[in-house]
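Chain by chain, the residues run as shown.
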Amino acid sequence: MKKALITGITGQDGAYLAQLLHQKGYAVHGLVRRSSTTDVNDLRLRWLGIVDDVTLVDGDLSDLSSLMRVVRSVQPDEVYNLAAQSFVKTSWQQPLLTGAITGLGCANVLEAVRIEKPDARFYQASSSEMYGLIQEPMQSETTPFYPRSPYAAAKLYGHWMTVNYRESFGLHASSGILFNHESPLRGIEFVTRKVTDGVARIKLGLGHELRLGNIDAKRDWGHARDYVRAMWLMLQQDVADDYVVATGRTVTVRDMCRIAFEHVGLSMEKHLVIDPDLFRPAEVDVLLGNPGKAKAKLGWEPETTLEEMIREMVDADLKRLSSVR
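Conventions adopted
- Residues numbered from 1 in each chain as written.
- Predicted model: local features only at pLDDT ≥ 70, side-chain atom pairs only at ≥ 80, totals over all residues.
- Heavy atoms only, no water.
- Axes fitted to C-alpha atoms, helices over the stretch in contact; angles between N-to-C directions.
- Helix = DSSP H or I, 4+ residues; strand = E, 2+ residues; numbered from the N terminus.
- Left-handed = near helix turned anticlockwise from the far one by under 90°.
- Contact = heavy atoms within 4.5 Å.
- Nonpolar A, V, L, I, M, F, W, Y, C, P; charged D, E, K, R; others polar.
- Phe/Tyr/Trp six-rings, centres within 6.5 Å; stacked < 30°, edge-to-face > 60°.
- Buried < 20%, exposed > 50% of the residue type's maximum accessible area, 1.4 Å probe, protein only.
- Lys NZ or Arg CZ within 6 Å of the ring centre and 35° of its normal.
- Core = buried A, V, L, I, M, F, W, Y, C linked by side-chain atoms within 4.5 Å.
- Polar contact = N/O pair within 3.5 Å; in protein donor to acceptor, adjacent residues only side chain to side chain.
- Parallel < 35°, antiparallel > 145°, perpendicular 65-115°, else oblique.

Trainee: So what exactly am I meant to see when it comes to the packing of helix α1 (residues 12–23) against helix α8 (residues 224–234) here?
Mentor: Between two packed helices, the angle of one axis relative to the other and the distance separating the axes together describe the packing. Contact pair α1 / α8: the axes reach a minimum separation of 9 Å and the direction vectors enclose 65 degrees. Two packed elements cross with a definite hand, and for α1 against α8 that hand is right-handed. Of α8, the residues touching α1 (which contributes Gln12, Asp13, Tyr16, Leu17, Leu20 and Leu21) are Ala224, Arg225, Val228, Arg229, Met231 and Trp232. Of the residues contributing to the contact of α1 with α8, the split by class is 8 nonpolar, 1 polar and 3 charged.

Trainee: Would you mind going over the packing of aromatic side chains with me for this structure?
Mentor: The relative placement of two aromatic rings is captured by the distance of their centres and the angle of their planes. On inspection of all chains with the given rule, the structure shows 6 aromatic pairs. When the ring of Tyr227 is compared with that of Trp300, the centres are 5.5 Å apart and the planes differ by 85 degrees; the resulting orientation is edge-to-face. With a gap of 73 residues between them, Tyr227 in helix α8 and Trp300 in the loop between α11 (292–298) and α12 (306–323) connect regions that are remote in the sequence. What makes Tyr227 buried here is its relative accessible area of 0%. In this structure, Arg186 packs its charged tip against the face of Phe190, placed 3.8 Å from the ring centre. In this structure, Lys293 packs its charged tip against the face of Tyr243, placed 5.1 Å from the ring centre.

Trainee: Can you help me understand helix α9 (residues 253–263) in this one?
Mentor: Note that an α-helix has 3.6 residues per turn; residues three or four places apart therefore point the same way. Val253, Met256, Cys257, Ile259, Ala260 and Phe261 are the residues of α9 that are buried. Against α7 (191–203), β8 (210–212), β12 (251–252), α10 (268–271) and α12 lie the buried residues of α9.

Trainee: What's the story with the nonpolar core in this structure? I'm lost.
Mentor: In summary, soluble globular proteins display a tendency toward joint burial of nonpolar side chains. The biggest cluster of nonpolar side chains holds 37 residues, and the ones touching the most others in it are Ile6, Leu17, Leu21, Tyr80 and Tyr123. For this core, the secondary-structure elements that each account for two or more residues are β1 (3–7), α1, β2 (27–32), β5 (121–127), α8, β11 (242–245) and α11. With 8 residues, α8 is the single largest residue contributor to this core. Discounting residues that sit within four places of it in the chain, Leu17 has contacts with Ile6, Tyr80, Leu82, Val228 and Met231. If you look at the next biggest cluster of nonpolar residues, it comprises 27 residues, including Ile202, Phe261, Leu306 and Val314.

Trainee: Any chance you could explain the environment of Ser149 here in plain terms?
Mentor: Inspection of the secondary structure puts Ser149 in the loop between β5 and α6 (150–169). The spacing of Ser149 and Ala282 is 133 residues in sequence and 7.1 Å in space, taken between C-alpha atoms. In this structure, Ser149 is in contact with Val88, Ser91 and Trp92, ignoring residues within four places of it in sequence. At 3.0 Å, the side chain of Ser149 forms a polar contact with the backbone nitrogen of Ala152.

Trainee: What exactly am I supposed to notice about the packing of α9 against α12 here?
Mentor: With their axes 9 Å apart at the nearest point, α9 and α12 run at an angle of 55 degrees to one another. The pairing of α9 with α12 is recorded here as oblique in orientation. At the point where α9 passes α12, the crossing takes the right-handed sense. Facing Met256, Ile259, Ala260 and His263 of α9, the residues of α12 in contact are Leu306, Glu307, Ile310, Arg311, Val314 and Asp315. Partitioned by chemical class, the residues of the contact of α9 with α12 number 6 nonpolar, 1 polar and 3 charged.

The values reported here are purely geometric and, on their own, carry no functional implication.
In structure tokens, the structure reads:
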């Protein structure tokens, strides 16, 4: 039986990846950082019905010794580094923490793998935010990076460290440059969940407005359930490499909102409020990924459309909110 170690297993991607690997017969281990909120950190795993199918182990991305102990104990065949301080807005408020966890944390995991299990296959969760001020209309693996936030800069460090460990030490280390991917498990602080939760609240009479910042920003959105499949496929290749994972379609936040409001029969114009305080210090105006390499080499394609995903998220939020009324 193959063994996998997932950092960030209690997040959106970690939960969906754990579900996928469990279905494929893996023994799944997840790294968790112990805190006063540990008892609620497995909510996503419970929502997917797999909390009893994974083994949670204590560790911290900022503590190399803990990572070495975990890798030595688990002896994983595959390591997926998904843990990060992943909220862009927070990265301006906590830039040093973001650098330490999102950037140096990746290097710590790579070093633990190099020392304790160098034959393990490693996946790094890179981000489309690394492209930032885009240098090409459609971003591919060869598009130059131009990060526009502390989060993006930290992700770029982790990305290049993954390349360096692959080239310097011969690790089977791959990076997935994932464009925006969402689901009902997305954190409420992210714009898609903020929209679907807000729309559900308005529909149920629990609110009357949805406050957003720049709704003309364009993003390439896919479903996390599809994107974790790409992660797994990368580690099944004979040769490690880096891949853009995207849909190849970009849509404004405004249009995404319209899909959500129309799904519940509401007018977006009556409820949407633009709040200047919610604009980013440095905006990323457009992201559009070219998934051609992933399609050609991995045989990967997204299966869920943006419209289907937003409707699924709205329905999930309606169900959640109705159950606690």
